[in-house]
Protein chains: 2
Amino acid sequence: MKTMKQLLHEKALQPYLWQARYGVEKESQRITANGQLAKTDHPKVLGNRAYHPYIQTDFAETQLELVTPVANSPQELMRWLAAIHDVAYRSLPKEEMMWPLSMPPVLPLKDEEIVIAKLDTFEDVLYRRYLAKAYGKRKQMVSGIHFNFEFGAEFLQNLFAIQEQYPDFTDFKTAVYLKVTRNYLRYRWFLTYLFGATPTSNENYFVADIAPKEPVRSIRNSQFGYTNHDDVQVSYESLGQYLADIARMVEVGKLSEEKEFYAPVRLRGGQKVADLAKTGIRYIELRNIDLNPFAPFGIDEKQIEFLHAFMLYMLYLPETEAADDWVAKGDAINNFVALERPDRVTDFVEEGMDLVAGLKELVKNLKLPLAEDFFDFAQQAFEDPNQTLAARLYAVTKEDMTTWAKTVAKENQAQAWQKPYQLAGFTKMELSTQILMFDAIQKGVQVTVLDEEDQFLQLRFAGRTEYVKNANMTSKDSYVVPLMMANKTVTKKVLANAGFRVPQGSEFADMETAVLAYPKFANSGFVVKPKSTNYGLGISIFKHGASLADFKEALAIAFAEDSAVLVEEFMAGTEYRFFVLDGSVKAILLRVPANVVGDGRHTIAELVAAKNEDPLRGSHHRAPLELIQLGEIEKLMLKEQGYATTSVPAEGVIVYLRENSNVSTGGDSIDVTDEFSQDYKEVAAQAVTALGAKISGIDLIIPDKLQPATSPNAYGIIEANFNPAMHMHVYPFSGKSRRLTMEVLKFLYPEIN
Amino acid sequence: MKTMKQLLHEKALQPYLWQARYGVEKESQRITANGQLAKTDHPKVLGNRAYHPYIQTDFAETQLELVTPVANSPQELMRWLAAIHDVAYRSLPKEEMMWPLSMPPVLPLKDEEIVIAKLDTFEDVLYRRYLAKAYGKRKQMVSGIHFNFEFGAEFLQNLFAIQEQYPDFTDFKTAVYLKVTRNYLRYRWFLTYLFGATPTSNENYFVADIAPKEPVRSIRNSQFGYTNHDDVQVSYESLGQYLADIARMVEVGKLSEEKEFYAPVRLRGGQKVADLAKTGIRYIELRNIDLNPFAPFGIDEKQIEFLHAFMLYMLYLPETEAADDWVAKGDAINNFVALERPDRVTDFVEEGMDLVAGLKELVKNLKLPLAEDFFDFAQQAFEDPNQTLAARLYAVTKEDMTTWAKTVAKENQAQAWQKPYQLAGFTKMELSTQILMFDAIQKGVQVTVLDEEDQFLQLRFAGRTEYVKNANMTSKDSYVVPLMMANKTVTKKVLANAGFRVPQGSEFADMETAVLAYPKFANSGFVVKPKSTNYGLGISIFKHGASLADFKEALAIAFAEDSAVLVEEFMAGTEYRFFVLDGSVKAILLRVPANVVGDGRHTIAELVAAKNEDPLRGSHHRAPLELIQLGEIEKLMLKEQGYATTSVPAEGVIVYLRENSNVSTGGDSIDVTDEFSQDYKEVAAQAVTALGAKISGIDLIIPDKLQPATSPNAYGIIEANFNPAMHMHVYPFSGKSRRLTMEVLKFLYPEIN
């Protein structure tokens, strides 16, 4: 029979070796600007912890627990960790931060000032009260990383197919994970050495208990950490034995319930421990990772990859002793190493070097996609203990832990606020989708990116699945509505039939017929445009009528773009974008062409540069506003007004750099929602309703918004847009922010509060 | 003050002169193959006459009344008239036809065998019983054309703007129509002369009454026609006088109700005559047009244009006598001319020639868009009375009216059945839209073509408006569903999550990563394709695995088409299209590549030619099947099988001319709906439901449809299509027709029966 090592070398397995699924739960204490435990409650804006899949609290009300969804690659895992951090930071009160260390900040002297998480379910609160009593509140305030690891499904299936020992796949999987678990427990000291990061404790941590006398590698992973009492002993020999032992501990009262069994590894199957008997082991949860204070999210991609390689190695390595002895030896070594001084060479340096060499060999033999120098850091850390996380952390915190941690916390917080419209990890997606995802994560709506390039999301909340594309293309709108809006003639007919004012006009399929209609338009303002407008191409505007020659030329230009041409009445006035959702106007925006305002001192070029400093300005539609350019078009526009880029406009003079008002060419977006009376809002909302649409951006030309909407020619509807841009309303150049993405979410899920 | 003639010459009016709205109501008696009145009831398939906007019955159960919607041009009017005729013909029992003459076919001798229309409303039946009693059933059996005419809105507005007499627009309009009406009544003999087409009556028409002794121009427009009794006299001097007179007639019992006033012109405003006082005259209804038996639909486009010109002329011409005298003179002349022998020069030839000359001058002066020789036919008809409709009809029917009328009826009927999948008038639209429009017209669903090129319809029924694009893009499907289906990766993820079998595979964004996955696919069948498939471009199929070199080449080909490439498991089996609507399978289609079956006698070229004779085959997707080509591809395919176009395949041998099974390249569509057990239908229906779609064509690969769908690998879902073709199911090459268009209609309007 082949050994596992031999099996892993089989060629058939090669494509699947680096397949796995990952998940992280990361705890952090909320702190104030001066590094003290926050006194505020868990933010209400984060919705209900009873179901929140991303942002929970652990033991204490101040102890955030950030939970990633299951990820299929280390990169994907890190994206989610970054995104959830972004949401958490920006959901906290502006002055609150996250304590970056596993060991808590200075704790209040009085136990009652450590507030247990205010959960809805009384059982959950009761359990925490029990823990506080059984282990002490202070130990519960330690934070860490829980890392969930599952081998790839195809990896396991193919491995199962080539082995001969187990006829049943579930039994086989359980055996795989049990082997990995035992070896992990045996060698976990290796991680404690490399990644242990709790060398000392802060004030008021060890108040009653004995503390380590010297700095160590990991208080949290030592006997001083938060572990079960010594008399809790569970065998990993078999799943049956493991479950029987835990059941016995609960029976004799050594554990209050199954979940109180806190091992460095938890075997996971169904929801509860007892489910394992049916499901077998489906994945394992590593619980012994200290927060890495040098990584903004407490763990980094390299650590994730390292852990994956280590898990494969634990499967690969033979076990050379009986299960219980093997684990007991591992426990002892781990406690020993955890309590070594961080700046000292470990007593187990030889086994450590062997493990590094073994990992290098594994990667080479199995052709894992890791760089050749991937494990150099580990080798160096064994050669020089000062390179371990624990030693590095001790070096920077031995004088004053709080000051250093506060500085790191501030940096992390500042990073999250630098571009508040972005969602870290997903910055390549469209801005509206990023903002919608932010809101979804904040409210605990489960998000799956079905297709990143296509902006296709799956949402799940309140037991219902919804699909969203480009942030507002949803199941709430019907198939035929966007098709209608894409056809300007149909849109106009439907709106006109419903009694709305639209530009009068005609559609022409040939030049000859169109020219015959000239007398109809000759003497008043009109617009000639291709029926299917392509980014404004082929449009001619005559504000005060035109000669027959000009009319013909405009027709020729339009017919060059499309086989059908519209000639429409020109409507004078200001164009406003009304964003309508479910029958009511949620935002009104005025778009102003790219411009600068003179101050009598700076040149236009300087004014543009200064205006472009706004963090809201960026490029390629990945910022709410675009950078103002100084290209050919802008320079020509300046010239026509008698300016050059070196001109110094007088104070208060507005200089326009563009004729068109598009935000995409540097225009300003100005929220004017509150400047409109209800009657215009009703016109816009009713027009969208007449089109049968639920979500639409409808453009109205309004000569004077102070006139009642019922007065003659008070407005004209230019067009209705499906998938209207939302980011420009959420982050306008000036005026109030309108969180339309949240409105869309609440439209999909009225249960959100 | 300017005269109307002067006003009409104003330049400002020129663009609007030829604007008008038209509508036609056309009656026809249903007859059997031997030319007798049909004994059947009005076809049930036509839905309920209580609301049917297009196909009604007039006096008798056999008397179809076809009603066009309001049209904006003579062309549009004729399209609708043609379309409604198509629907009516194909809704009748196969042997029934429409009697093409105004004078009825041979009537039963017994009055009780002339069956009054079996309408739902008792009032309507009662009124018909009264008419039968007051005028006799036989007179009610005469059919004709009612022509509704309204001047264009812009024409009237602009005319109103340049006149000075009327300060109120409604009063002005009423005056316009009253003038036109009085002149029309004065000169209508001109139309009786040109278009009168009831020279003689058939047997059993004049049973009790005195009949004309000689053939005439128009029995229907003479004193022998169906008119009010002589003592019903109404003045057209003013609208007030007109209404007062009618009211008085009703009061004294000379009319049973207002609508019994049967004048050659009816003034129309609101629903009832009395509404006119409020609305003013909005349009007029000309009721004196005999069916033109030489025009397949009883009237032709030239007559419509003629009537429009005549209406303008009636507005243009001055009135030279007091209103009542003027009208009375017109009545007298009309009766005189109507009763002249059709082959005789009329006594009023001089006035007739003057009217022709006047019309010619009108067209010339006002630059109306009519050909220079437009009125030549009228001039010739006055020079040679044998060219009038009445004379021509008398010539062909004097021996035997029934035989001639039967022949014409048969020709008209055959025309409607020639290409039964088309809808006359709308043959440029997509076939599925034509069929859907047919079904809508049949069931009395109001159809408006909002955009012909875009296949955009508005439907109205049961008080609800629906919009339909491309025949099955409706409000029933949500916006996000077609977006999901357009993305094959998303579709597969959603289907796989819901537990359906889809081809396993991976998406790759670059060549390098894709090549690394080679071992996963090497040894079993797989397909390499661009993520967004473009008509099958860039797809490589390896049914039994491939070498690394072939894999790389296939990737290169696919990446040339798209930036993302899918590599998917190849699924062996036959592909079937399941058409799913609202959660159940309505049709299953097998598509077979273009082929011919040998008979041992004919060459392949001859067999192709014979197969192409099928009237279902056409080109450019305007027929249910495409013509089989014998181009390069087909010849190569033949060559590979050892054939040439001159080969004579043995009897029963199937020769394929194409590898692909698309109907668009001459493939056969075979309905196999009844060959499938319920379980496969459930898989297809549930998969579409899992995608959230209501209407979809979903393609399943099935190796053996006799195996249960629950057996392993019984099926694989290849793709789901929004806007799936329907015409291939409605008119398959073989197997049962599935009227999916009607299913879509009934899905939109469950009220349809």
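Source: prediction; values computed, not measured. (Residues numbered from 1 in each chain as written. Chains lettered and ligands numbered in written order. Predicted model: local features only at pLDDT ≥ 70, side-chain atom pairs only at ≥ 80, totals over all residues. Heavy atoms only, no water.)

### What to know about the relation of the copies chain A and chain B
It takes a turn of 180° to lay chain A on chain B, together with a shift of 0.1 Å along the axis; the resulting RMSD is 0.1 Å. Each copy turns onto its partner about a two-fold axis. The share of interface residues of chain A whose copies in chain B are also at the interface is 100%, consistent with both copies meeting through the same surface. (Least-squares fit on C-alpha atoms with pLDDT ≥ 70 in both. Contact = heavy atoms within 4.5 Å.)

### Examining the domain arrangement of chain A
For interface size, the figure often reported is the accessible area lost on association. Each domain of chain A was delimited in the assignment, giving domain 1 (4-344 + 397-416), domain 2 (425-479), domain 3 (507-569) and domain 4 (574-746). Distance from the C-alpha centre of domain 1 of chain A to the C-alpha centre of domain 3 of chain A: 69 Å. (Domains from an automatic or database assignment.)

### Comments concerning helix α11 (residues 323-338) of chain A
All names here are of chain A. Between its first and last C-alpha, α11 extends 22 Å over 16 residues, near the 22 Å set by a 1.5 Å rise per residue. Residues of α11 that are buried include every one of Ala-323, Trp-326, Val-327, Gly-330, Ile-333, Asn-334, Val-337 and Ala-338, and no others. Seen end-on, α11 carries its buried residues on one side only, within an arc spanning 130°. Looking at the buried side of α11, the elements it contacts are α6 (169-187) and α7 (189-195). (Helix = DSSP H or I, 4+ residues; strand = E, 2+ residues; numbered from the N terminus. Expected span 1.5 Å × (residues − 1). Buried < 20%, exposed > 50% of the residue type's maximum accessible area, 1.4 Å probe, protein only. Arc of directions from axis to C-beta.)

### With respect to the sheet that holds strand β13 (residues 540-542) of chain A
Residues and elements named next belong to chain A. Pairing is antiparallel across the open sheet formed by four strands, whose spatial order is β11-β14-β12-β13. Edge strands, defined here as strands with exactly one partner in the open sheet, are β11 (505-508) and β13. Across this sheet, the average inter-strand angle for adjacent strands is 15°, counted without regard to direction. Summarising the sheet, β11 and strand β14 (residues 565-569) pair through four bridges and their orientation is antiparallel. Looking across to β14, one finds that Glu-507 is bridged to Leu-566. Across the sheet, helix α21 (residues 548-559) lies against β11, β12 (526-530), β13 and β14, angled at about 25° from β12, the strand it touches most. (Pairing = 2+ DSSP bridges. Axes fitted to C-alpha atoms, helices over the stretch in contact; angles between N-to-C directions.)

### Considering the pairing of strand β8 (residues 446-451) of chain A
Residue and element names in this part refer to chain A. Direction of pairing for β8 relative to strand β9 (residues 456-461): antiparallel, over a ladder of five bridges. Within β9, the position partnered with Thr-448 by the bridge is Gln-458. A loop of four residues connects β8 with β9, the two strands running antiparallel in sequence, and Gln-455 in this loop sits at a positive phi of about 55°.

### Some words on the interface of chain A and chain B
Across the contact, 37 residues belong to chain A and 37 residues belong to chain B. Interface area, chain A with chain B, both sides summed: about 3,000 Å², of which 62% is carbon and sulfur. Three residues stand out in chain A for area buried against chain B, namely A:Leu450, A:Tyr479 and A:Lys520, and they jointly supply 23% of the buried area on that side. Counting across the interface, chain A meets chain B through two salt bridges. For A:Asp451, the salt bridge goes to B:Lys531, with nearest N and O atoms at 2.2 Å. Where chain A packs against chain B, one counts twelve residue pairs in polar contact (both at pLDDT 80 or more). Contributions of two or more residues to the side of chain A that touches chain B are made by β8, β9, β10 (464-469), α17 (480-486), α18 (488-497) and α20 (518-521) of chain A. (Buried area = accessible area lost by both parts, 1.4 Å probe. Salt bridge = Lys/Arg side-chain N within 4 Å of Asp/Glu carboxyl O. Polar contact = N/O pair within 3.5 Å; in protein donor to acceptor, adjacent residues only side chain to side chain.)

### Regarding the packing of aromatic side chains
Summed over all chains, the structure comprises 99 aromatic pairs over all chains. Ring geometry for A:Tyr22 and A:Phe147: centres 6.2 Å apart, planes at 35°, overall tilted. Placement of the pair is A:Tyr22 in strand β1 (residues 20-31) and A:Phe147 in strand β5 (residues 145-151), with a sequence separation of 125 residues. Of the two residues examined, A:Tyr22 and A:Phe147, each falls in the buried class. The ring of B:Tyr127 has B:Lys259 sitting right over it, with the charged end atom 4.3 Å from the ring centre. When the ring centre of B:Phe294 is taken as reference, the NZ or CZ atom of B:Arg392 above it lies at 4.1 Å. (Phe/Tyr/Trp six-rings, centres within 6.5 Å; stacked < 30°, edge-to-face > 60°. Lys NZ or Arg CZ within 6 Å of the ring centre and 35° of its normal.)

### Regarding the nonpolar core
Core analysis: the biggest nonpolar cluster contains 97 residues, and A:Leu8, A:Phe151, A:Phe155, A:Phe190, A:Tyr242, A:Phe306 and A:Phe310 have the highest contact counts within it. Per-element accounting of this core gives the leading share, eleven residues, to helix α10 (residues 301-316) of chain A. The residues contacting A:Phe151, other than those within four sequence positions of it, are A:Gln19, A:Ala20, A:Leu156, A:Val176, A:Tyr177, A:Val180, A:Met311, A:Leu312 and A:Leu315. Judged by nonpolar contacts, the second largest core, of 96 residues, contains B:Leu267, B:Ile284, B:Val363 and B:Leu393. (Core = buried A, V, L, I, M, F, W, Y, C linked by side-chain atoms within 4.5 Å.)

### With respect to the environment of A:Lys179
Residue and element names in this part refer to chain A. Structurally, Lys-179 is set in helix α6. The class for Lys-179 is buried, based on a relative accessible area of 13%. With 264 residues separating them along the chain, Lys-179 and Lys-443 place their C-alpha atoms 40 Å apart. Those residues in contact with Lys-179, other than ones at most four positions away along the chain, are Met-4, Met-314, Leu-315, Tyr-316, Leu-317, Pro-318 and Glu-319. Of note is the side chain of Lys-179, whose polar atom sits 2.9 Å from the backbone oxygen of Leu-317.

### So, the environment of B:Glu743
All names here are of chain B. One can find Glu-743 in helix α26 (residues 740-748). Overall, Glu-743 belongs to the partly exposed group, its relative accessible area being 30%. A sequence separation of 141 residues divides Glu-743 from His-602, and the C-alpha atoms of the two residues are 42 Å apart. Apart from the residues within four sequence positions on either side, Glu-743 is in contact with Leu-581 and Lys-586.

### So, the packing of helix α6 (residues 169-187) of chain B against helix α10 (residues 301-316) of chain B
A pair of packed helices can be characterised by two numbers: the angle between their axes and the separation between those axes. All names here are of chain B. Running from N to C, α6 and α10 point in directions that differ by 105°, and their axes come no closer than 8 Å. Classified by the angle their axes make, α6 and α10 are roughly perpendicular. Within the contact between the two elements, α6 uses Val-176, Lys-179, Val-180, Asn-183, Tyr-184 and Tyr-187 and α10 uses Phe-310, Met-311, Met-314, Leu-315 and Tyr-316. For the contact of α6 with α10, a count of residues per class yields nine nonpolar, one polar and one charged. (Parallel < 35°, antiparallel > 145°, perpendicular 65-115°, else oblique. Nonpolar A, V, L, I, M, F, W, Y, C, P; charged D, E, K, R; others polar.)

### Structural notes on the environment of B:Val515
Residues and elements named next belong to chain B. With respect to the helices and strands, the residue Val-515 is situated in helix α19 (residues 511-516). A C-alpha to C-alpha distance of 8.2 Å links Val-515 and Leu-555, two positions 40 residues apart in sequence. Setting aside its immediate chain neighbours within four residues, Val-515 contacts Leu-548, Phe-551, Lys-552 and Leu-555.

### Overview of the pattern of salt bridges
Counted by the stated rule, this structure contains 86 salt bridges over all chains. Its salt-bridge partner being A:Asp671, residue A:Arg738 comes within 3.0 Å of it at the nearest N-O pair. With A:Arg738 in the loop between α25 (727-730) and α26 (740-748) and A:Asp671 in strand β21 (residues 668-671), this residue pair connects regions lying 67 residues apart in the sequence. Residue classification places A:Arg738 among the buried residues on the basis of a relative accessible area of 12%. Overall, A:Asp671 belongs to the buried group, its relative accessible area being 7%. A salt bridge links B:Lys492 to B:Glu568; the shortest N-O distance between them is 2.8 Å. On the criterion of sequence distance, the pair formed by B:Lys492 in helix α18 (residues 488-497) and B:Glu568 in strand β14 (residues 565-569) is long-range, its members being 76 residues apart. We note that B:Lys492, like B:Glu568, is buried.

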